[in-house]
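A look at the structure
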Amino acid sequence: MVQWSKMVFRTIKVFLLFTGCTIVFYYALLWFNEEYQELHRYDEPEGTAVKVNSSVGNEEDLSWKDRILLFYLNGE
């Protein structure tokens, strides 16, 4: 009888520990989601931002040889 009650007590402790950790993890995920919900990823950059992709020229003006050369050189 004593051994059975110890087993039940340990099982209840493990269950409560698992449930507590699950609840903490769930609320941590909610908190992270709320923090990053306010982040506007597609706003205009501030400061001295530099445009990364600039065209070499108008793509319609390039011949097929120039386009394939650009493809092999730059991987476009």
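What comes next is a walk through the structure. (Residues numbered from 1 in each chain as written. Predicted model: local features only at pLDDT ≥ 70, side-chain atom pairs only at ≥ 80, totals over all residues. Heavy atoms only, no water.)

1. Overview of the overall build of the chain
Looking only at helices and strands, the chain has two helices and zero strands in total. For the chain, buried positions account for 1% of its 76 residues. As displayed, the chain has an accessible area near 8,200 Å², and 62% of this comes from carbon and sulfur atoms. (Helix = DSSP H or I, 4+ residues; strand = E, 2+ residues; numbered from the N terminus. Buried < 20%, exposed > 50% of the residue type's maximum accessible area, 1.4 Å probe, protein only. Areas by Shrake-Rupley, 256 points an atom, 1.4 Å probe, with all protein chains shown as cover.)

2. As for a nonpolar patch on the surface
Together, Trp 64, Ile 68, Leu 69, Phe 71, Tyr 72 and Leu 73 line one region of the surface with nonpolar side chains, adding up to about 750 Å² of accessible area. Checked against the element boundaries, Tyr 72 lands in helix α2 (residues 64-74). Given the relative accessible area of 63%, Tyr 72 is considered exposed. (Patch = residues over 30% accessible without salt bridge, like charges linked within 9 Å, V, L, I, M, F, W, Y side chains within 5 Å. Salt bridge = Lys/Arg side-chain N within 4 Å of Asp/Glu carboxyl O.)

3. Focus: the packing of aromatic side chains
As enumerated under the stated definition, the model contains three aromatic pairs in all. Between the aromatic rings of Tyr 26 and Tyr 27, the centroid separation amounts to 5.3 Å while the plane-to-plane angle is 75°, which identifies the pairing as edge-to-face. Judged by relative accessible area, Tyr 26 falls into the partly exposed class, the value being 46%. Judged by its relative accessible area of 53%, Tyr 27 is exposed. With a centroid separation of 5.1 Å and 55° between ring planes, the pair formed by Trp 31 and Phe 32 is classed as tilted. (Phe/Tyr/Trp six-rings, centres within 6.5 Å; stacked < 30°, edge-to-face > 60°.)

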